[in-house]
Amino acid sequence: MNIIVPVNDTDKQLKRHILSLILVRVCLFTLLTGIILFFHFHGTGIVHANIFLTITFLAGIVAFSVGSVFYIRKGTDSLRRFGVIQLLADISFTGLLVYGTGCSQSIFTPIFILPVITGGLILYKIGGLIPAAAATIVYGIVLTMEHFGLVPPYSEHTVYRPPDDPLVATNLFAVYGITFFVIALLSSQLAGRLRRTEKELSKTVLEFDRLSILYKQIFDDISTGIITTDEHNIITSYNNAARRITGFPEQEVLGTHFHTCFPGIILAGDKERNVCNLLRNDSTTIRVGYSFSRLGMPAVEQKESDGAYWKVVTLQDISKIESMERQVREAEKMAAIGKLSASIAHDFRNPLAAISGSSQILAMDNEGGQDINGETAKPLLNIILRECGRMAKTITDFLQFSKPEELDKQWFDLGRLVSEVIEEKIPASERNNPEQVIQNIQLHLTCWGDRQQIQTALTHLVENTRSNKNQTQQSKIAVNAFETMLEHTYTCIEVCDNGPGIPEEIQEKVFNAFFSTREDGTGLGLAIVKQLVENHGGYIEVDKNREYNCIMRLFFPYPLEAATP
């Protein structure tokens, strides 16, 4: 009997099934007994026993059932074995009922099917086959006794007539026997499927419960405030973080219109992140960052144009973050000031030393009222003037980078501007040599921008080409300008030289303020160039080719593109 396994493998469930089986047995046989007595009193032609035997039969069933209930309540070593015994008892009671109501002519023969189905359902496969075999055997015994004339004596006074052909009884036995086993197999298959479905359902319910607990824990413990609303913006859920951020208790906001509690938060637009001032429940104002998105829950009579959809709103108190950002900006500002001061001190130290030295020499020559020697004074004065100019240029660069002037855009002749810069910064001996200085400007090319600032940018680039001369070969500088069509229309200016070039690993750094590869450099030249170009809405890139080791390429957009952010 150990192989008999119920649909639900717990003893508690099996015990409940057996008690239900006993109750159904009592109710069923009571009903059948009532039917027999009804036919008896109305004088129908059905085969039935007298009232005494009928009542005795029902009393025996009730007594057995009550005893079984007390026994199972007291406790049993094997509920499965006890369940099989109950099913066999039902087969036996049914066999007595069929025998007493006409054997092969009894109208109650189909009652055999009920214990077979019950066994298959509550005791799985074997639980259906055992009652099927028992029902077949008991029904076979009833038919055999009928064949040998061993029928109840009262049958002679009823409509019962012994069968003349033995094949009739054999046919009944075969049909009912096959039926019992087919029903047993079908019920066991159904029971197996129910058990598998029940296990999967139990597993799904367990996983759902775990997910629900996990969701609830995450929802309550997450540091980001989460608020959900329905299609009418009525708040449906509200986590602990939202309560801490807003100061509103849960019972005050649930079921309330969102904008009634939080009028500063606007649930419209497509921005991923928004910032606003939020008035807390304690009347204090904080800065919050928030975002919202649609939930995949259909609204009643949903109208997308009216914004009728469920939403989830996330909140974060960014007051401390903004305070920290301000502190970081202040720290960066102080660091920049420190770096600026160090750079200024470095750039002014050498000129001041030269000026101081020259002044001391002039002062010594002037001691005692003697006239200063002109041959001595002139070089020293030139040093003083040169270093003063260098300091003035450094101050101009610092001021230009720290506070750029507003743009005064206009159309101007780019070819003339390039010629002026080259004439100012390159000696005549070089600029008159077509192999050293090359100008390739598109005919009648004009540029849209601030002429003075673009001239400043070109001046810095040309000065860089002068300071980066190649010592092993003749220097070569080229300035090209032309109109180009990329995603927009641009005026492109190229400043090229055959110097050592810029290594790839520092090409991004050369545009950072105070970054320089020269000892006498301020590190602001290329930073100013990039700043001026970007202020025009353009961009700058570094390139090279076989002829030139460094190509600085500036792109200035035409008016419509310049206005594009």
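Before reading on, note that the structure itself is shown above.
The structure displayed is predicted, hence computed values, not measured ones.

### Concerning the overall build of the chain
On a plain count of helices and strands, the chain comes out with 16 helices and 12 strands. Out of the 565 residues belonging to the chain, those deemed buried represent 40%. Pairs at least 24 apart in sequence give 67% of the contacts found in the chain among residues at least 6 apart. Carbon together with sulfur atoms contributes 58% to the accessible area of the chain, which is approximately 32400 Å² in total.

### Here we look at the nonpolar core
Grouped burial of nonpolar side chains is what soluble globular proteins tend to show. Within the largest apolar cluster, 35 residues are counted, with the highest numbers of intra-cluster contacts made by Leu-414, Ile-454, Leu-458, Ile-493, Met-552 and Leu-554. When residues of this core are traced back to their parent elements, those giving at least two are helix H12 (414–425), helix H14 (451–467), strand E9 (477–485), strand E10 (489–497), helix H15 (525–535) and strand E12 (550–557). Apart from residues no more than four positions distant in its own chain, Leu-414 is found in contact with Leu-445, Thr-446, Cys-447, Ala-481, Thr-491 and Ile-493. Ranked by size, the runner-up nonpolar core spans 21 residues in total, among them Tyr-238, Leu-267, Leu-278 and Phe-292.

### Side note on the sheet that holds E9
In space, the 5 strands of this open sheet follow the order E7-E9-E10-E12-E11, with mixed pairing throughout. Looking at the sheet topology across the chains shown, the edges are occupied by strand E7 (437–441) and strand E11 (539–543). Taken pair by pair, the neighbouring strands of this sheet meet at an average axis angle of 15 degrees, ignoring direction. Contacts between H14 and the sheet are confined to E9, E10 and E12, with E10 contributing the most and set at about 25 degrees to the helix. Contacting E11 and E12, H15 crosses the sheet at an angle of about 25 degrees to E12.

### What to know about unusual backbone geometry
Phi at Asn-233 takes a positive value of approximately 65 degrees, unusual for a residue other than glycine. By the element assignment, Asn-233 lies in the loop between strand E1 (225–229) and strand E2 (235–238). Here Asn-233 falls in the buried class, since its relative accessible area comes to 15%.

Rules used in this analysis
Residues numbered from 1 in each chain as written. Predicted model: local features only at pLDDT ≥ 70, side-chain atom pairs only at ≥ 80, totals over all residues. Heavy atoms only, no water. Helix = DSSP H or I, 4+ residues; strand = E, 2+ residues; numbered from the N terminus. Buried < 20%, exposed > 50% of the residue type's maximum accessible area, 1.4 Å probe, protein only. Contact = heavy atoms within 4.5 Å. Areas by Shrake-Rupley, 256 points an atom, 1.4 Å probe, with all protein chains shown as cover. Core = buried A, V, L, I, M, F, W, Y, C linked by side-chain atoms within 4.5 Å. Pairing = 2+ DSSP bridges. Axes fitted to C-alpha atoms, helices over the stretch in contact; angles between N-to-C directions.

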